Structures are given as structure tokens and as C-alpha cells.
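For reference, the chains in residue letters:
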Amino acid sequence: MRVAGVVKLKSDFGLADYGVNNTQVVRRERRLTHSFVDAATVIGRDEDKEKIVDHLLNAFDRENVSVLPIVGIGGIGKTTLAKLVYNDPRISSHFEMKVWACISDDFDLQEVLKKINEATTSQNCSGWGIEQLQAFLRETINNKKYLLILDDVSNKNRRKWNELRALLMEGANGSRILVTTRENSVASVMASVPPYNLNDLSHKSCLSLFVKCAFKDAQDAEYYPNLVKIGEEIVNKCKGVPLAVVTLGYLLYSIESEHEWTSVRNSEIWKLEQKEDDIMPALRISYEQLPSDLKRCFAYCSFFPKDYIDTDFHLIKFWMAYGLFECKNDNEELEDVGLRCFRELCSRSFFQDIDAVIHWVRCKMHDLMHDLALSLTQKECSLVTSTTQQIPRDVRHLLFANPNSLPESLPMILQGLNGVRTIAPFVSSDFISQSFILTLYLPTFQFLRYLDLSYSEIVTLPESIGRLKHLRLLNLIYSKIRRLPNSVCKLQSLQTLWLWGCSGIKELPSDMKCFISLRSLSITTKQKCLPNNRIGCLKSLRNLGFFSCNNIEFLFEDMQGLNRLRKLAIENCSSLKSLPQSIKCLTSLDFLSIANCQNLDLEMEEEESDNQPRFCHLETLILAGLPKLVELPPVGSQ
């Protein structure tokens, strides 16, 4: 118990382990792309995969649709195995339809149906009632031989499962449902055939996996035989759990110091008694080894639901809102520091399912990593539900499970919560009502940093929004907002304002030039043109986007004021006729995307004295859906 107490104090104060001889850690160059390869998918699970595939292709069951659970402890590789099966060519050719749905903790029938339908058709089902959802599902799978993966299920309620199961029986004979779960009790509720128990990974496979994660290649490992020997002892402590092996392998990848490796091997955390549902020691050790700024960034990810898919773009702005990191010199940008934090957490396997797209990188957290993050912030965060009667006065982050089904006593419950930094819905499946916003009485939260009203039915913000002097991020994407009060321009600490998808906005506020700290602005508006002396005055702006502004014909002419702008996106603006000549003054621009602007003429006039380099720092240029584009506009040095 004394050891556990000391370890907890060390964690609380962000202290690191050092031996008597505090030697400098020597790091090899870290490969940022390493975490994009899930090494556990190629080591040690071939036999398991073949058995599962054979069952799915050949098993006979009395019912049209058989249900096979894969059971194993957290981190053992159930999801990885399911992915191997799901992507096997034999599976793809055998089933007419494949569907992957992460279920996690919530097994509400309406929410589960929504996830399955959206995964099946990629159609947004927000706001659909249960009748519409069940009818849509039955029609979609009717007489089709499908494979459905239900990942990370924890439901033990047989009635709830039977309700869903009855709908899934509409599939053709030979359809299969593959379930991953940590608990045998869940499997006993859902299985129609004996479950598949996933065993620990063999020591040989674990060691191969560790070496693959901890070293650049096999030849690199040969240069460090002492590290390999210590690594084998670390692998023994991981007890055949691939997630533990991968996490510590990534942790030690860039480190050449034997002292550092020995510190991980000898950590007191290994000695803590671990209960069945506790965070595994390897994950705690990996967290303890993080620098203090990365610890804070990781912990704040607990605010999002399990299996939540996020982007680097959002996470960086989210972290910035709380001031979790800072620039170390005048040449750095906060966005660059945030991107380094994101990449470092990826390389250490704190994020998984990394998927790079043009604009951003998507990722999610393993459910055990999420449990670890949640254990770090549970005293600061409060999930408000319809049964909430009291909220601790020292809470800092308010998440609303269902903003439209909250107790009538909510105003009284919220009294005295002056220290709140976050107000956000826990999930955005339902539109937030206007009455919810009014009930909150925003001026109460004078230290608010992050306000998420995305997908809300709010038509206008209250004038009192201007009193939130510390607000740094205001998210209104796809809300029904029609007007922003001019008082919103009093938010001089605001760094991020997201208005994309707000197709009801008739006009932007006239005092926008007062957003002196604004760094990221995305806009959807009904305006035909944007006046000068507004957006062009935002000298702190780094990211600017115009999305689905279908009426806009001309942008503001004074772009030359945006001398620190780095990313500009103009997309789905069908009426846009031309770009302002001042766009060539954006010499700091490194990303430019112009897409689906059918009437845009990209031709720019050349002046005799125009010898300045245009877009000299541009790294990414996207031009798509521009039928009037005859030749590429000149960029770079003239």
C-alpha cells in the first residue's frame, strides 16, 4: 500500500523515475510513421484468424444468422483479430455486405441501430426515431448474406440483445455476426455457437512484436544486444498481452540509454496489485514516461466517448483552448507544437487506427487507453444525465449525455459552478435545443474555455455570450444558427470559431475585426459578398475556410492583412466568380485548397512591378472541380 501511495503521488505531480546516476537519455531519430502500422495484425494470430474464417465460411447453424463471440481480456488483440478476419479476401467474396460497428458501453437499442445503419450505408441518421431506424435496417439487410462485426460489447441484458437480434434475423441464410467482448457473461447472452476464447500471445511472438516496435529493423536490434536482453525481461512482465508489448515497444523505440530501459523494467508500478478491470501496468508506465505537456494532452482526451473518432486538426485546437502547451521560441507556432504533441502520442501508441486524409489525420483511442485517461480526470469531469441531482463544486468540465432530457432542477444544480472550463454534449446524436442553451445561463461560467454547440437547434446566441472573456473555442458546426450577436466580437481571447455547415447564417457580425486572438475561422454563410475591414483585419488568423457558401460571388479584397495565414480552403462555393488580387499577398500560406467552385475564374492580373514571390511557402495545393480552370495559376518564385 505504501508503494502504491508513492506511485500515485509521483503521478499526481508529474514526476519521472530517475536512478542514482541521472544519465542523459540518448534518443535515436523517431520515425513518425511507425504507429501507422499495427504490428499486432501480422504477428502471432494467423492460426486464430484461420479458425475464425473457417467458421464464418463453413459453420452450420439452425438459424439464418449465427453469432460467434471472441472473448479475451482487454488488450489481448480481439479487435485486431476481428480486423484481420474482416479484411480477408475470402470473407469479402463470400458475403454480400460487411458492416463494422463499435458498440462500447452504450447498448441503447436506438443508438446501436443508428451506429449499424450509418456503418452500413454511410448515411447520417441523426434525429431518426427508432421506428425509422429499425425499418431502414430491415430493408437494408433483407435477404442479403452479411457479416456484422459488433466490437467491444459489454451488454449483459438479454432483453436488449433479443430486441436487436430479432431485427438482424432478416438477413439471408449464412449471415454471420462476430462479437468481441472482454466478458464470458456477455458471450453467454449473445452466442448461438460456442465462443472463441482468445489466448495470450506466445512469448516468441511477443518478443518478435516488441523488437519490431522498439527497433528500426532486425539489423538495428543487433547493434544493441544489451537492450534486447532487457527488452526480453520487459516482455515477460507483459504476460502475453499485445497491447502492453506494443505500447512499451513504442515507448522505448527512440531510446538508447540502458538506464532508461532498466527504469521501465524495474518500475514499482509492476508491483501494484492489479484487479481484473484495472488499467494494465504497462499502460501506466508508458503514461508515466511522457513529458508533462503530453500527459496533459492525453488526459484531456478522456472528455470524448469511447470509440470516438477524432482528427489532429480538432485535437490541436481543443488542446490549445486549455493552454496545454506553449511555444518555446518566437519562431514557433502553437499549431506546430500541437502537431508535434499529436504525432508523439501516435508514435507511442496512445492513439490507434491512424488514417491520413487530405485535410487532416483521423484516429481513435484503444478502450483501455481511454480508461487510463478517464482515471486521470474523473474528479475534474462530470457527466450530466437525466438523473443527476448534484454536481461537485470543484468540477471543471461538464459533459451532457442527453441535453434534451435533463432534470427541471438543472439551473439550481448548475449554481456555484464558477470554475467550469468546458461545456459540451457527450455525443452529438441529437440536436441540442434552444431551451437548453437558455437554461445554462452562460454568464455563470465566467472562466469557460471551450463551448461546443455543434449540431444544435439554437437560432441565435444570447447577447450575454460576450461576457465569456476567457472563451477560446466556440464550435457551432452544423447548428441552425441564423445570427451571431455583435457582442460575440467582445470575445478577445477567442482562438477558434467554427461556423461551417451553418447554412442559415444571413450575415457575419460587423465587428469581426475585434477578434484579435482568432487563429482558426471556418465559415458557411448566405452572403453574396464579404465586406472589407472585417476578416481582412484578423492579423492572428492562421486557418481560414469557406465551405458551401453557395451565394457568395466575391470575397473580401483586403486579404493582404492576413500576413500570418497558413491554410486557406475555399470549397463548394458554386457562385464564386473570382478571387481577390490581394490573395497573392499571402506569402505565409503553406496549404491552399480550391474545390467545387464551378463558376470560379482563377486568372490573376499581372502588374509590371509584380516581382514578389507568390505562395513561396506553399506545400500543398488542391485544385478540383473547377471547370473554368484552363491552366494552373503561377505559384512560387516568378
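Preceding this section is the structure that the text describes.
Residues numbered from 1 in each chain as written. Predicted model: local features only at pLDDT ≥ 70, side-chain atom pairs only at ≥ 80, totals over all residues. Heavy atoms only, no water.

### Things to note about the nonpolar core
A general feature of soluble globular proteins is that nonpolar side chains tend to end up buried together.
Thinking step 1. By size, the foremost hydrophobic cluster in this structure holds 91 residues, and its most contacted members are Trp-319 and Phe-351.
Thinking step 2. Here this core takes eight residues from helix H12 (residues 242–252), the largest share from any one element.
Thinking step 3. Every residue in contact with Trp-319, bar those within four places of it in the chain, is listed here: Cys-297, Tyr-300, Cys-301, Leu-324, Phe-325, Gly-338, Cys-341, Phe-342, Leu-345 and Phe-351.
Thinking step 4. Among the nonpolar cores identified, the runner-up in size contains 71 residues, and Phe-445, Leu-468, Leu-499 and Leu-541 belong to it. (Core = buried A, V, L, I, M, F, W, Y, C linked by side-chain atoms within 4.5 Å. Buried < 20%, exposed > 50% of the residue type's maximum accessible area, 1.4 Å probe, protein only. Helix = DSSP H or I, 4+ residues; strand = E, 2+ residues; numbered from the N terminus. Contact = heavy atoms within 4.5 Å.)

### A word on the side chain of Thr-525
Thinking step 1. Mapping Thr-525 onto the fold places it in the loop between strand S15 (520–523) and strand S16 (543–547).
Thinking step 2. One polar contact links Thr-525 to Gln-527, side chain to side chain, over a distance of 3.2 Å.
Thinking step 3. Those residues in contact with Thr-525 that lie beyond four places of it in its chain are Ile-505, Lys-506, Glu-507, Leu-530 and Cys-549. (Polar contact = N/O pair within 3.5 Å; in protein donor to acceptor, adjacent residues only side chain to side chain.)

### As for the pattern of salt bridges
Thinking step 1. Tallying each qualifying case throughout the model produces 29 salt bridges.
Thinking step 2. Glu-333 serves as the salt-bridge partner of Arg-519, at 3.1 Å between the closest nitrogen and oxygen. Of this pair, Arg-519 sits in the loop between strand S14 (496–499) and S15 while Glu-333 sits in the loop between helix H16 (312–321) and helix H17 (334–347); the two residues are 186 residues apart in sequence, bridging distant segments of the chain. Comparing Arg-519 with Glu-333, the two get one shared label, buried. (Salt bridge = Lys/Arg side-chain N within 4 Å of Asp/Glu carboxyl O.)

### Notes on the packing of helix H11 (residues 225–237) against helix H13 (residues 258–265)
Thinking step 1. At their nearest, the axes of H11 and H13 sit 9 Å apart, and the two run at 15° to each other. As summarised for this structure, H11 and H13 are arranged roughly parallel, according to the angle between their axes. Where H11 crosses over H13, the handedness of that crossing is left-handed. For the pair H11 and H13, contact is made by Asn-226, Leu-227, Ile-230, Gly-231, Glu-233, Ile-234 and Lys-237 and by Glu-258, Trp-261, Thr-262, Val-264 and Arg-265, respectively.
Thinking step 2. Looking at the contact of H11 with H13 residue by residue, the classes come out as five nonpolar, three polar and four charged. (Axes fitted to C-alpha atoms, helices over the stretch in contact; angles between N-to-C directions. Parallel < 35°, antiparallel > 145°, perpendicular 65-115°, else oblique. Left-handed = near helix turned anticlockwise from the far one by under 90°. Nonpolar A, V, L, I, M, F, W, Y, C, P; charged D, E, K, R; others polar.)

### Some remarks on the environment of Ser-503
Thinking step 1. Take Ser-503: it is sitting in the loop between S14 and S15.
Thinking step 2. Overall, the relative accessible area of 51% leaves Ser-503 in the exposed class.
Thinking step 3. Along the backbone, Ser-503 and Ser-479 are 24 residues apart, and their C-alpha atoms lie at a distance of 8.3 Å.

### Points about helix H18 (residues 367–377)
Thinking step 1. Of all 11 residues in H18, eight are buried, a share of seventy percent or more.
Thinking step 2. Of the residues making up H18, those classed as buried are Asp-367, Leu-368, Met-369, His-370, Asp-371, Leu-372, Ala-373 and Thr-377.
Thinking step 3. Buried-residue contacts for H18 involve H12, helix H14 (281–288), helix H15 (292–300) and strand S9 (381–384).

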